[in-house]
Amino acid sequence: MVRATVVPGLSPADETILREALKRCSPATLEAALAYRRTGAVAAIPTVVLGVIERFVDPEHRERLRSGNTDLRVIEDLGVDSLTMLEVVMLVEESLKVSIKNEELRELRTLADINLFIEARVCGRPVPAPPRHLPAEAVQEALPMQAPFLFVQEATVGPAAATGRYQVAGTEFFLQGHFKNNPVLPASIMLEALGQLAVLFLLRSGAPELEQAVDPAAVFFTGCEGVRCHRVVKPGETLALSVRPKRIKAPLATFEGTVKVGGEKAAFAEEITLTFGYVAAVAVAGSVPATASAPVSS
Amino acid sequence: MRKVFITGLGFISSIGNDKAAVEANLRGLRHGFELYPPFQRPEIPVKVMGTIKEFAVSSVDAEDWTFPARYSIRRELLRSMAPHGLYAHCAMLQAIEDARLAEGDLQSDLTGLYCASAGSPMVLTYYLQRMRDLGVSRCSPVGVVASISGTLNFNLVAAFKIRGHSCGFSSACASTGHALGFAYDDIAVGRQERMIVVGAEDGNTEAVLPFAGMRALSSATNPDLASRPFDIGRDGFVGTGGATVLVLESEESVARRAVTPYAELAGWGQASDGYNVAISHPEGLGLASAMQRALRSSGLTPAQVDYINAHATSTSIGDASEVKAIRSVFGPEAGRVAVSSTKALTGHGLSMATALETGLCALAMRGGFTPGCAGLRHVDPMFGDLNLPRDTLPVGPRVLLNNASGFGGANVSLVMRAVGG
């Protein structure tokens, strides 16, 4: 069992304060907080974080929160304003005896971000470098792909992974013919979206394996392996994209990619491989451009 | 100058939590006083309060509060409210419904909101104590906006998406008199089509008991005898809280929406005593000047006034100086015009007082009655020349004055005229 480097401890007076502080949270939240304070068991932390957020969100969002989807963004997806986020943080701090600085708070967007941050903090591990959030304009500025063939609307890029989103508007040109009277997002487009997010990772992550700045005009698709689709995606739904580099060694970078919709797995790619060149010495690989990905049957 | 009308009312008050109950108790002269439980301790020299029924808001944690189920308020709104913020929110919902305001009427840059309250001494005390005991990092992010003076306008403007003029007024017991006066001006000169005026107070120990430090509160132990303006036995005011909301509209807006107003707000005046920080001028100098200016602004003479809703709080000095002011303005008419103070029924609502009393006057004008002097048993011989009706008169005033005086000698007088009068 992973434990905090310092077990916070719990005097009878502390317990009284903790019970009062968590009186509007679920009993499971209180139990998890008591367990963490007594034993330092890190496994209890996500239950406390979830329970505290649940206590502050409007009832209509509670079901989404209980779905187990830790990619939910606290502010955008759960209707929490920044004042409520402060209330969440204060109660988490008080329950778990951790402290989160204002500048750290700004980088914590999803439940998973908060859990990882607190676990690292209490285990004495370096807190993961804060992933950078790229709003729509920043994504458009970074990527060579543009509308109508841009399938990442916003992204968060860290040194070890990137996540992004794309909401299917329903007005995309290809939905007119895919399919007749039954618009379904082509699986090839889901793969394309993962590829675009992987390109964004190469351009903006600053991952240690990348020795220099990558040239946006020199990134191309070379291949993919183990692509499986699990669910159709319809207009109005939002792709939650994530990619994680498996190997990076210039001029090749291989990623694992996942697409989820509403917490359900929609597509998975074991390997997506791109070739890239650095700005300083542009490598010209005779590969197929990323925008011409091979169709994948849905 | 455009005419200005009162088209909507909302009340959370000691004499009722909707306009029907308030009007019935006003007409029937039934007061809203009780022995206030937190005052029933030997070291507290005051026992009676104008209490708000159906609301349990004594906790500093808004999520502990209970209030009538017809009001459903999200936690996101509730968390930044003081107790009087909740009262005001509920009264606001009533007033919007009463005036039949559509969302487009309310959320327009021609609809504004003026407020007055003393802030929340209870919530402020709690946060400052918590800051001292536990450090500022453990204080709620909404502690400031829930407690300081201005909390009413911060909360209501955001909750009701007000886009026109907004601010708070701070002249103690003349505050909502000023708010109504400036709201009148905004509409009369055409800057706004519609103004919502809100007065509210916590009306709890922290908001009211400090006035006992200046010996201004009645020490009576019988709720029936505690507030008695103009009576020889008056010994101070009875505090109260709650909220009153009034919707004021231009005559064009009234015509366009085809609503029936309660009354016309026909003008106003203000003047200051320049005398003492807390004691009114012994001759009522500033209040007399305010009444004269109010009449002049509405183009009326004392002979046309048939009722004065007096500020009279039931203090020895205050009631006497107001009577002197009335005599100096009305001269030989002073014995004709009916005078009463509805604080005998409601208690003194401090910043809220003029909003509440303007609301009561609006109900009386439309309801066709003139409130009598509740609680008056033995008229102080000093006021023997006044027309102080003991009972409710079955005729509504055509023209009335509504007076307010606050600390520092701030005085406001409002003129109201019956519709078609």
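Residues numbered from 1 in each chain as written. Chains lettered and ligands numbered in written order. Predicted model: local features only at pLDDT ≥ 70, side-chain atom pairs only at ≥ 80, totals over all residues. Heavy atoms only, no water.

(A) Up close: the sheet that holds strand E7 (residues 264-275) of chain A. Residues and elements named next belong to chain A. What the seven strands build is an open sheet, ordered E1-E2-E3-E5-E6-E7-E4; its pairing is antiparallel. Only two strands of the sheet have a single partner each, and these edge strands are strand E1 (132-134) and strand E4 (220-229). This sheet shows a mean twist of 20° between the axes of neighbouring strands, independent of strand direction. The pairing of strand E5 (residues 238-249) with strand E6 (residues 252-261) spans 10 bridges and is classified as antiparallel. (Pairing = 2+ DSSP bridges. Helix = DSSP H or I, 4+ residues; strand = E, 2+ residues; numbered from the N terminus. Axes fitted to C-alpha atoms, helices over the stretch in contact; angles between N-to-C directions.)

(B) Main features of the confidence of the model for chain A. Considering every residue of chain A, the mean pLDDT works out to 88; 93% of them sit at 70 or more. Predicted confidence for residues 282-298 of chain A stays below pLDDT 50, and this span has 34 contacts to residues more than four positions away or in other chains. (pLDDT = per-residue confidence, 0-100. Contact = heavy atoms within 4.5 Å.)

(C) View of the interface of chain B and chain A. Listed by partner, the interface residues are 13 residues for chain B and 12 residues for chain A. Together chain B and chain A conceal approximately 1100 Å² of surface at their shared face, both sides included; 37% is due to carbon and sulfur atoms. Contact with chain A buries surface across chain B, with Arg-75, Arg-79 and Pro-141 of chain B losing the most and accounting together for 45% of the total. Counting every contact that joins chain B to chain A gives nine salt bridges. Note that Asp-61 of chain B is salt-bridged to Arg-24 of chain A, the shortest N-O span being 2.6 Å. Taken together, the connections running from chain B to chain A amount to nine residue pairs in polar contact (both at pLDDT 80 or more). Split by residue class, the side of chain B that touches chain A holds three nonpolar, two polar and eight charged. (Buried area = accessible area lost by both parts, 1.4 Å probe. Salt bridge = Lys/Arg side-chain N within 4 Å of Asp/Glu carboxyl O. Polar contact = N/O pair within 3.5 Å; in protein donor to acceptor, adjacent residues only side chain to side chain. Nonpolar A, V, L, I, M, F, W, Y, C, P; charged D, E, K, R; others polar.)

(D) Fine view of the domain arrangement of chain A. Residues and elements named next belong to chain A. As assigned here, chain A comprises domain 1 (12-123) and domain 2 (133-289). On a C-alpha basis, the centroid separation for the pair domain 1 and domain 2 is 31 Å. Buried area between domain 1 and domain 2, both sides added, is near 490 Å², and the carbon and sulfur share of it is 36%. The largest per-residue losses of area from domain 1 upon contact with domain 2 belong to Asp-71, Arg-73 and Arg-109, which jointly make up 73% of the total buried on that side. On inspection of domain 1 and its partner domain 2, the count reaches three salt bridges. Between Arg-73 and Glu-154 there is a salt bridge; the shortest N-O distance is 2.6 Å. Taken together, domain 1 and domain 2 are joined by two residue pairs in polar contact (both at pLDDT 80 or more). In terms of residue class, the side of domain 1 that touches domain 2 is made up of no nonpolar, one polar and four charged. (Domains from an automatic or database assignment.)

(E) Focus on the pattern of salt bridges. Residues and elements named next belong to chain B. Under the defined criterion, the tally for this structure stands at 45 salt bridges over all chains. Note that Arg-228 and Asp-231 form a salt bridge whose closest N and O atoms lie 3.7 Å from each other. The same class applies to Arg-228 and to Asp-231, which are both buried. In this structure, Arg-234 and Asp-319 form a salt bridge, with 3.4 Å as the shortest nitrogen-oxygen distance. Of this pair, Arg-234 sits in the loop between helix H9 (205-208) and strand E7 (242-250) while Asp-319 is found in helix H12 (residues 316-330), placing the two residues 85 residues apart along the sequence. Here the two residues Arg-234 and Asp-319 agree in accessibility, since each one is buried. (Buried < 20%, exposed > 50% of the residue type's maximum accessible area, 1.4 Å probe, protein only.)

(F) Highlighting the sheet that holds strand E12 (residues 410-417) of chain B. Residues and elements named next belong to chain B. Within the open sheet, the 10 strands sit side by side as E5-E4-E6-E7-E1-E8-E12-E11-E9-E10. Their pairing is mixed. For this open sheet the edge positions go to strand E5 (166-168) and strand E10 (338-340), each flanked by a neighbour on one side alone. Going across the sheet, the axis of each strand differs from the next one's by a mean of 25°, ignoring polarity. Relative to strand E8 (residues 263-272), strand E1 (residues 4-12) runs antiparallel, the two sharing three bridges.

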